Protein chains: 2
Amino acid sequence: MKNPESVIAKLAEVAMRRFAMIKDGDRIAVAVSGGKDSTALALDLAMKQRWWPVRYELKLVHIETDMGSDWQSSNMEKLFASYGLSCETVNVPVLARLKADRKMNCYWCSTQRRTELLRYAQAQGCTAIALGHHLDDMVETLVMNMMLKGQMTGMLPHLRYDKYPVRVIRPLALCEERQIIEFAAYKGFNSFTCSCPHDDTSKRKLVRQRIALLTGDSSAAKRRIFESQFNIKEDYLCGEF
Amino acid sequence: MKNPESVIAKLAEVAMRRFAMIKDGDRIAVAVSGGKDSTALALDLAMKQRWWPVRYELKLVHIETDMGSDWQSSNMEKLFASYGLSCETVNVPVLARLKADRKMNCYWCSTQRRTELLRYAQAQGCTAIALGHHLDDMVETLVMNMMLKGQMTGMLPHLRYDKYPVRVIRPLALCEERQIIEFAAYKGFNSFTCSCPHDDTSKRKLVRQRIALLTGDSSAAKRRIFESQFNIKEDYLCGEF
């Protein structure tokens, strides 16, 4: 069996080169939630800093809401410190900001957090934001959009905003979730689960299970679904009428 | 419950209008295999001829191979005659044409049959070929291509060839297979199954089952997957690198 650390390192390297994720002198805000994905991302980017052909800077940031989390009691900051990484916390009072007649929901909360993340990145002079989304997230997003919205749209490994001078990169785009779980176990870090009382990720979990049924749990089939996103034959999809 | 005949009639009408399938004066070769799909197609096109806003002509054609079929003993030609339709048979000796060192396979056989169909259509001065593919075929083709080939490519409801002056139309593109089965039962025609000794459609059948698992057997989800083919957000699929 391959070393789980080199598996992640190699797949992240391939993704970073293929999607030209890093520019010389980039200052990259890494959004760390405390979960395994963004922790793996931060550690891998820290390791790569030592030898990556161009120089880049990392600014770890944790977006903390007023819904409570185990971030303070977790040993995440210690873990990052052992890699020479410090981490800032930005407080976003999503509950307090909610209007009286509105119920908390994932869409609103995540919009608030994303806005604050973008604001933080711009205030810090960052040129990119790194997010911990992995291959399973990418495939799920594509299939959910097709099946629930009737739209072929996915998650880009490398996104440029029109409105903001900040890019979004997803270096783990080619890593499967199970590979990240193995990496976390190997590195001995326990991520704490974000226990959100308003969690409505059940739809995503259902789609994840169903994609496993569709592919017969084949990693190769899942990767091919992801690759199809970059291999669009429009002449044999929509034609002209 | 709705009358199965009007269900097919309406969905075919919607597809024919939406994808501009029929031009005034079209001479349409309808490929009839003896199966339920192409039989339903031929009957529906014959019914619509009576009131469709523009005039079109139908030329039913059955491609018969030397692998044996129940076409002669079936009562398909009688059924068509009762709708005022006559049907020609074109013999394609796929076995006899096979080179000595080659094994029969679906790809080669279907290429032979498609070539002869195109030749027949052009010889008869046809402007279009109508095929009996339905919604489940379209969704399966798309998902198979994504999952097995890593390519976003599907089946077009209306295809124009560059090389040939003949279009291919699929009027049943919006009909589910189960709706065609109900139509066949309602009209009282028994299709004979093409019993091909070289059948390798097992992959397609597997994908069909797995798509039912993916969608939770939801017709609406399946239709949305089909619709996504016409609703491509390239900016959120492949981007630029």
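Residues numbered from 1 in each chain as written. Chains lettered and ligands numbered in written order. Predicted model: local features only at pLDDT ≥ 70, side-chain atom pairs only at ≥ 80, totals over all residues.

Novice: I tried to follow the environment of C175 of chain B on my own but got confused; where do I start?
Specialist: Residues and elements named next belong to chain B. Along the chain, C175 turns up in the loop between β6 (167-169) and α7 (177-187). Taking the number of C-beta atoms within 10 Å as the measure of exposure, C175 has 28 and is therefore buried. For the pair C175 and K10, spaced 165 residues apart in the sequence, the C-alpha separation amounts to 9.4 Å. Apart from residues no more than four positions distant in its own chain, C175 is found in contact with I8, L11, A12, H134, L135 and I180. (Helix = DSSP H or I, 4+ residues; strand = E, 2+ residues; numbered from the N terminus. Buried ≥ 20, exposed ≤ 12 C-beta atoms within 10 Å, placed from the backbone. Contact = placed C-beta atoms within 7 Å.)

Novice: For this particular structure, what's the right way to read the relation of the copies chain A and chain B?
Specialist: Relating one copy of the chain to the other requires a rotation about an axis plus a shift along that axis. Rotating chain A by 180 degrees and moving it 0.0 Å along the rotation axis overlays it on chain B with an RMSD of 0.0 Å. Those values place the two copies in the arrangement expected of a two-fold rotation axis. The rotation axis passes nearest to the C-alpha of L214 of chain A in chain A, at a distance of 2.9 Å. An overlap of 100% is found between the interface residues of chain A and their copies at the interface of chain B, pointing to a shared contact surface. (Least-squares fit on C-alpha atoms with pLDDT ≥ 70 in both.)

Novice: Sorry if this is basic, but what is going on with the nonpolar core here?
Specialist: When a protein is soluble and globular, its nonpolar side chains tend to lie buried together. Counting 119 residues, the largest nonpolar core has V30 and I129 of chain A together with V30 and I129 of chain B as the members making the most contacts within it. Setting aside its immediate chain neighbours within four residues, I129 of chain A contacts A29, A31, L117, A121, V166 and V168 of chain A. (Core = buried A, V, L, I, M, F, W, Y, C linked by C-beta atoms within 7 Å.)

Novice: Help me out: how do you make sense of helix α6 (residues 135-149) of chain A in this one?
Specialist: Side chains that are three or four residues apart share a direction in an α-helix, a result of its 3.6 residues per turn. An ideal rise of 1.5 Å per residue puts 21 Å on 15 residues; α6 of chain A measures up with 20 Å between its terminal C-alpha atoms. The element α6 of chain A is largely enclosed, with a buried count of 12 among its 15 residues. By the burial criterion, the buried members of α6 of chain A are L135, D136, D137, M138, V139, E140, L142, V143, M144, N145, M146 and M147 of chain A. Contact partners of the buried residues in α6 of chain A: α7 (177-187), α8 (202-215) and α9 (219-228) of chain A together with α8 (202-215) and α9 (219-228) of chain B. (Expected span 1.5 Å × (residues − 1).)

Novice: It is not clear to me how the interface of chain A and chain B should be interpreted in this structure. Could you clarify?
Specialist: Interfaces are often sized by the amount of accessible area the parts lose when they come together. Listed by partner, the interface residues are 34 residues for chain A and 34 residues for chain B. Elements supplying a minimum of two residues to the side of chain A that touches chain B: α6, β5 (158-160), α8 and α9 of chain A. By residue number, the principal contributor to the side of chain A that touches chain B is α9 of chain A, which donates five residues. Here the side of chain A that touches chain B is built from residues that sort into 18 nonpolar, 10 polar and six charged. (Nonpolar A, V, L, I, M, F, W, Y, C, P; charged D, E, K, R; others polar.)

Novice: Which parts of the structure should I look at to understand the pairing of strand β1 (residues 26-31) of chain A?
Specialist: Where a strand is regular, its side chains alternate between the two sheet faces. Residues and elements named next belong to chain A. As defined by bridge partners, β1 adjoins strand β2 (residues 56-65) across six bridges and the pair is classed as parallel. Paired with I28 across the two strands is L58, which belongs to β2. In this region the chain leaves β1, passes through helix α2 (residues 36-49) and returns to the parallel neighbour β2; the handedness of that crossover is right-handed. Inspection of the sheet shows β1 paired to strand β4 (residues 128-130) by three bridges, in the parallel sense. Each residue of the ladder has a partner; that of V30, found in β4, is A130. (Pairing = 2+ DSSP bridges. Right-handed = clockwise from strand over helix to strand, strands pointing away.)

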